[in-house]
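Fold and contact review
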Amino acid sequence: MTTAPATPEAILLVGGKGTRLRPMTVNTPKPMVPAAGVPFLTHQLARARAAGVEHIVLATSYLAEVFEPYFGDGSSLGLHLEYVTEQEPLGTGGAIRNVASRLRSGPDDPVLIFNGDILTGLDIRALVDTHRTTGADVSLHLTRVTDPRAYGLVPTDATGRVTAFLEKPQTAEEIVTDQINAGAYVFNRSVIDSIPAGRSVSVERETFPGLLAAGAHLQGMVDSTYWLDLGTPQAFVRGSADLVLGRAPSPAVPGRCGDRLILDSAQVARDAKLTGGTVIGPAARVGAGASIDGSTVLAGAVVEEGAQVRDSLIGARARIGARTVLQGAVVGDGALVGPDNELRDGVRVWCGADIPAGAVRFSSDQ
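Residues numbered from 1 in each chain as written. Predicted model: local features only at pLDDT ≥ 70, side-chain atom pairs only at ≥ 80, totals over all residues. Heavy atoms only, no water.

The protein chain is annotated in an unreviewed UniProt entry as Nucleotide phosphorylase from Streptomyces bingchenggensis.

If you want it as structure tokens, here you go:
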């Protein structure tokens with residue numbers, strides 16, 4: 001009787017600049033921005049560990065010095081972590097190739113690869129099993145979306161084998177499938193070693209199409225559990241709230257799932273109303289009569305009395321004045337939004353900015 005192969009090691013791609021998430025990523029790399037009370041990367045690491053992964057190499061670049069002081073060798077999560085920093089941006093494929101020397105796998109062994117900005121309920125073991133049973137060179141997690149125009153499409157045949165990689169469709173005729181690349185893969189180690197070293201390579205635009213043209217077996221596995229690209233502030237806030245509410249699975253949420261998560265040392269007035277998966281970070285304060293729904297308030301921030309905050313992200317040490325209204329807004333670290341302001345519809349306040357009392361208002365018909 002043979003024993004099942006061990007769960008493969010993994011690469012986590014965490015080098016992106018998080019440009020779409022600014023100003024939250026000015027001082028913090030995107031995977032380290034807190035979601036549901038801990039850096040988002042913690043959720044990815046914990047889910048990989050729960051699937052049996054023990055060795056993970058982090059491919060870092062932007063603000064690379066932040067990761068290792070926080071996670072160390074990974075032992076607190078039951079993992080062995082290693083860190084490799086790109087000196088110049090290498091793209092997804094180049095980043096994967098750049099960490100190959102830290103892998104322990106043999107040429108025919110599978111290696112898991114995860115994008116660092118995807119929140120998902122993917123069955124990681126099932127993806128590995130699919131890869132092994134189909135004999136694929138590369139296997140991709142695919143998910144179905146209602147509107148695929150913002151994504152690359154990945155059609156498959158009746159057996160799940162990938163037949164093409166199509167860039168973002170521009171017309172209805174080009175939408176031949178609702179399946180998209182969901183940002184998690186299994187590569188045979190030999191495929192990783194075949195990626196050109198020392199230059200920028202995109203797996204989506206170069207590696208995958210090249211493998212397909214060469215006759216390689218690329219397998220798709222559709223898993224339509226929870227999936228969210230956290231690339232925008234609105235998506236990041238929603239993902240954090242969904243973790244708190246229990247809609248998105250993670251063993252790393254530091255508390256029970258429910259309407260709110262209040263971290264140790266936070267102070268919340270008794271009559272403040274916290275709903276919709278709101279997170280109040282450590283040493284943050286929420287004043288009397290404030291209402292916060294589906295939002296994230298990071299460490300040391302202050303929301304003064306009577307403020308109304310909805311679907312918004314408030315940076316570390318920022319201050320929201322009394323009676324101010326935030327709706328779908330992002331307030332950077334250390335910013336001050338004075339009393340009686342009204343910020344709506346994706347407004348972003350830069351780190352350290354100072355908005356005086358009553359400076360920004362919307363009329364009732366806007």
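Having seen the structure, we can now continue with the description.
Some details on the pairing of strand E4 (residues 55–60)
The line we're drawing: For every residue, the accessible area (1.4 Å probe, protein chains only) is compared with the maximum for its type, and the residue is labelled buried under 20%, exposed over 50%, or partly exposed between those bounds. Secondary structure elements follow DSSP: runs of H or I of four or more residues count as helices, runs of E of two or more count as strands, with numbering from the N terminus. DSSP bridges decide pairing: two strands pair if at least two such bridges lie between them.
For E4, a buried count of 6 out of 6 residues is recorded, marking the element as mostly surrounded by other parts of the structure. Alternating positions in E4 separate into two faces, His55, Val57 and Ala59 on one and Ile56, Leu58 and Thr60 on the other, with burial throughout. Across 4 bridges, the pairing between strand E1 (residues 10–13) and E4 is parallel. Bridge pairing links Ile11 to Val57 in E4. Relative to strand E5 (residues 80–85), E4 is paired through 6 bridges, and the arrangement is parallel. Paired with Thr60 across the strands is Thr85, a residue of E5.

A closer look at the pattern of salt bridges
Filter applied, for reference: We define a salt bridge as a contact between a side-chain nitrogen of Lys or Arg and a carboxyl oxygen of Asp or Glu at a distance within 4 Å.
Considering all chains together, one arrives at 12 salt bridges under this definition. Here Asp117 and Lys30 are joined by a salt bridge, their closest N and O atoms 3.0 Å apart. Remark: Lys30 occurs in the loop between E1 and strand E2 (34–35) and Asp117 occurs in the loop between strand E6 (110–115) and strand E7 (118–120); sequence separation between them is 87 residues. On the basis of relative accessible area, Asp117 is assigned to the buried category, the value being 16%. Between Arg102 and Glu82 there is a salt bridge, and its shortest N-O distance comes to 3.2 Å. Here Glu82 lies in strand E5 and Arg102 lies in the loop between helix H3 (91–98) and E6, a separation of 20 residues in the sequence. By relative accessible area, Arg102 is classed as partly exposed at 33%. In the salt-bridge network here, residues are joined through shared partners; they are Asp293, Arg310 and Asp311.

Considering the sheet that holds strand E14 (residues 273–275)
For clarity, the threshold we go by: Fitted lines through C-alpha atoms give the axes, limited to the stretch in contact for helices. The angle between two N-to-C directions lies from 0 to 180 degrees.
A sheet is described by the order of its strands in space; here 5 strands give the open sequence E14-E17-E20-E23-E26, paired in parallel fashion. At either end of the open sheet lies a strand with only one pairing partner, and these are E14 and strand E26 (342–344). Strand-to-strand twist across the sheet, computed as the mean angle between neighbouring axes with direction ignored, equals 5 degrees. The sheet contact formed by strand E20 (residues 308–310) and strand E23 (residues 325–327) spans 3 bridges and is parallel. Of the residues in E23, the one forming a bridge with Val309 is Leu326.

Quick look at the sheet that holds strand E22 (residues 319–320)
An order of E13-E16-E19-E22-E25-E28 is seen for the 6 strands of this open sheet, with the pairing classed as parallel. Strands at the two margins of the open sheet, each flanked by one partner only, are strand E13 (267–268) and strand E28 (354–355). Summarising the sheet, strand E25 (residues 336–337) and E28 pair through 2 bridges and their orientation is parallel. Across the sheet, residue Leu336 finds its bridge partner in E28, namely Asp354.

Notes on the domain arrangement of the protein chain
Just so we agree on the cut-off: Note: domain ranges come from an automatic or database domain assignment. It only takes one pair of heavy atoms within 4.5 Å for two residues to be counted as in contact. Put simply, buried area is the surface a 1.4 Å probe can reach on two separate parts but cannot reach once they are joined, added for both. Nitrogen and oxygen atoms within 3.5 Å of one another constitute a polar contact, given that in protein one can donate a hydrogen and the other can accept it, and given that sequence-neighbouring residues count only through two side-chain atoms. Residue type decides the class: Asp, Glu, Lys and Arg count as charged, Ala, Val, Leu, Ile, Met, Phe, Trp, Tyr, Cys and Pro as nonpolar, and the leftover types, Gly among them, as polar.
Segmentation of the protein chain into domains returns domain 1 (9–229) and domain 2 (259–355). Contact with domain 1, which involves 10 residues of that partner, is made by 15 residues of domain 2. Taking both partners together, domain 1 and domain 2 bury about 980 Å²; carbon and sulfur atoms supply 70% of that area. Looking only at domain 1, the three residues that lose the most surface to domain 2 are Arg22, Pro23 and Met24, adding up to 50% of its buried area. Here domain 1 and domain 2 share 0 salt bridges between them. Here domain 1 is connected to domain 2 by 3 residue pairs in polar contact (both at pLDDT 80 or more). For the side of domain 1 that touches domain 2, the per-class residue count stands at 6 nonpolar, 2 polar and 2 charged.

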